[in-house]
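This is what each chain is made of:
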Amino acid sequence: MDRDKILLTPGPLTTTLRTKLAMLRDWGSWDSDFNAVTARVRKSLLAIINGQDSHVVVPLQGSGTFSVEAAVATIVPREGHVLVLDNGAYCKRAARLTNLMGRRCTVVDFGDHEQVSPAVLDEKLKADPSITHVIVIHCETGAGVLNPLQALADVCAAHGKGLIVDAMSSFAAIEIDARKLKFDALIAASGKCLEGVPGMGFVFIRKAILDGCAGQSQSLAMDLHDQYTYMEKTGQWRFTPPTHVVVALAEAIAQFEAEGGQPARLARYTANYRALIDGMGRLGFMPFLDPSIQAPIIVTFHAPGDARYEFKAFYNAARAHGFILYPGKLTQVETFRVGCIGAIGPDEINQAVHAVELALQDLGIASGEPAIQGD
Ligand SMILES: *Cc1c(COP(=O)(O)O)cnc(C)c1O
């Protein structure tokens, strides 16, 4: 059928027709109309975190990871020492790129079914004064854990350490207020909870540290200080901008604001999450995480215990019924993931649950019940 399938993934996401239609025009990178769109997007992004007084926002071409890497290279001095609080795949990616950028990196490992701990962070910072920066993933999209960002930021502030937050899958859905939360850099992207299309990231940088970032990046294309300076001076992107992505994001932000901003988005995603948990529960599926640490962004489910289950076949069956699931990202247990984000509501989630039910029938699996109860 010639109809887009619904994406239940952590990006790219299902977008509205209005957002897609915004991409039907060509824009010149020097054109003042396009520069006005970029300026409007930047202003709106700052407003989402109440960051107008304290932070600037620097957009960057590429997927979200490009912006995380750019943030580390721009913010952390070459002789800096980064502590990564690791409870999943995106934390490991942040540690890896920090190492590749040539910054000293220490990783504290928490299991992927747990939050990272502010108390442990406090101990680590006390024990090793050479640490200059801490990287925290707000919502660890690997399993779906929401980390205690405010408490972690308070510990960093008490020790005078720089905090870099990967808020890729939480920004615009879960509250982040720059007036309460102290951070040096916070990273998100166009194609996540703002429901734009993928292709650009953006980094909020604390104004007080901006000047000190000049010349710190060893990369030309990923130098956020240079990108910022050029954009402030000319209103333009340094290199070819992802024009269609930017105009689609502007349109997506207009819809975000009309919907009621972050609280409304959180309410819709929470309704999606509840419909998902209830519906999948009726089919026998069990979520991997304790609900108390689960973000209403993406849910990891245990794979069914039935011997006929195999992710690829399950995926293909659900796909044939119009819904795109996501593989698990855990190494220890067999799981799969279902996203709650994108331009969808509980109706689409209920339809997705029905598609999963049909997929189980197609494979001859009686129930979604996992092999071993409990974790
Ligand atoms: C999506 C995501 C990223 C970026 O991934 P890309 O594939 O580069 O877009 C980074 N961190 C988290 C937590 C994410 O959810």
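What you see is a predicted model, and the numbers here were worked out from it, not measured in a lab. (Residues numbered from 1 in each chain as written. Predicted model: local features only at pLDDT ≥ 70, side-chain atom pairs only at ≥ 80, totals over all residues. Heavy atoms only, no water.)

## Here's the deal with the side chain of Lys 192
Spelled out, the test is: Helix and strand labels come from DSSP, where a helix needs a run of H or I of at least four residues and a strand needs a run of E of at least two; each type is numbered from the N terminus. To sort residues, take the accessible area from a 1.4 Å probe on protein chains only and compare it with the maximum for the residue type: under 20% means buried, over 50% means exposed, and anything in between is partly exposed. Within this scheme the basic residues Lys and Arg register as positive and the acidic residues Asp and Glu register as negative, but His and the chain ends are omitted. Any Lys or Arg side-chain nitrogen found within 4 Å of a carboxyl oxygen on Asp or Glu counts as a salt bridge. Residue contacts are counted whenever heavy atoms from the two residues lie within 4.5 Å of one another.
Mapped onto the secondary structure, Lys 192 falls in the loop between strand S9 (185-189) and strand S10 (200-206). For the buried Lys 192, which has no salt bridge, the nearest side chain bearing the opposite charge is Asp 166, at an N-O separation of 7.1 Å. In this view, Lys 192 contacts Pro 10, Leu 13, Met 168 and Ser 169; residues no more than four positions away in its chain are not counted.

## With respect to the domain arrangement of the protein chain
Using the following cut-off: Start and end positions for the domains come from either an automated domain assignment or a database one. Here the buried area means the combined drop in accessible surface, using a 1.4 Å probe, for two parts upon being joined, counting both sides.
In terms of domain boundaries, the protein chain breaks down into domain 1 (6-10 + 261-363) and domain 2 (19-258). With centres defined by C-alpha atoms, the gap from domain 1 to domain 2 works out at 27 Å. The partner domain 2 presents 26 residues to the 21 residues of domain 1 that form the contact. On the domain 1 side of the contact with domain 2, Gln 262, Arg 265 and Ile 293 bury the most area, a combined 30% of that side's loss. The interface formed by domain 1 and domain 2 contains two salt bridges. When the shortest N-O distance is used, the salt bridge between Glu 195 and Arg 268 registers 2.9 Å. Within the residue set of the side of domain 1 that touches domain 2, elements represented by two or more residues are helix H10 (261-282) and strand S11 (298-302).

## Quick look at the nonpolar core
If you look at soluble globular proteins, the nonpolar side chains tend to sit buried side by side. Spelled out, the test is: Only buried residues count toward a nonpolar core, which is a set of Ala, Val, Leu, Ile, Met, Phe, Trp, Tyr and Cys residues joined through side-chain atoms within 4.5 Å.
Counting 59 residues, the largest nonpolar core has Leu 45, Leu 85, Phe 171, Leu 194, Phe 204 and Ile 297 as the members making the most contacts within it. A per-element tally of this core places helix H9 (residues 243-259) first, with eight residues. Composition of this core by domain shows at least three residues from each of domain 1 (6-10 + 261-363) and domain 2 (19-258). In contact with Phe 171, not counting residues within four places along its chain, are Leu 45, Ile 48, Ile 49, Ile 176, Leu 186, Ala 188, Cys 193, Leu 194, Phe 202 and Phe 204.

## Side note on the packing of aromatic side chains
Let me state the cut-off plainly: Centres within 6.5 Å make a pair out of two Phe, Tyr or Trp rings, where for Trp the six-membered ring is used; the pair is then stacked when the planes are under 30 degrees apart, edge-to-face when over 60, and tilted otherwise.
The full count for this structure, using the stated rule, is eleven aromatic pairs. An aromatic cluster is present here, built from Phe 285, Phe 301, Tyr 309, Phe 314 and Phe 336 joined pairwise through their rings.

## Considering helix H2 (residues 32-48)
We apply this condition: Helix span, expected: 1.5 Å multiplied by one less than the number of residues in the helix. Whenever a nitrogen or oxygen atom comes within 3.5 Å of another N or O atom, the pair is scored as a polar contact, on the condition that within protein one atom can donate a hydrogen and the other can accept it, and that pairs from neighbouring residues in sequence are kept only if both atoms are in side chains.
Here H2 contains 17 residues, and its C-alpha end-to-end distance of 24 Å stays within 8% of the 24 Å for a straight helix at 1.5 Å per residue. Listed in full, the buried residues belonging to H2 are Phe 34, Asn 35, Val 37, Thr 38, Val 41, Arg 42, Ser 44, Leu 45, Leu 46 and Ile 48. On its buried side, H2 packs onto strand S2 (55-61), S10, helix H8 (224-234) and H9. The distance from a side-chain oxygen at the start of H2 to the backbone nitrogen of Asp 33 is 2.9 Å, and the residue carrying that oxygen is Asp 31. Where H2 terminates, the next one or two residues include Asn 50, which has phi positive at roughly 50 degrees.

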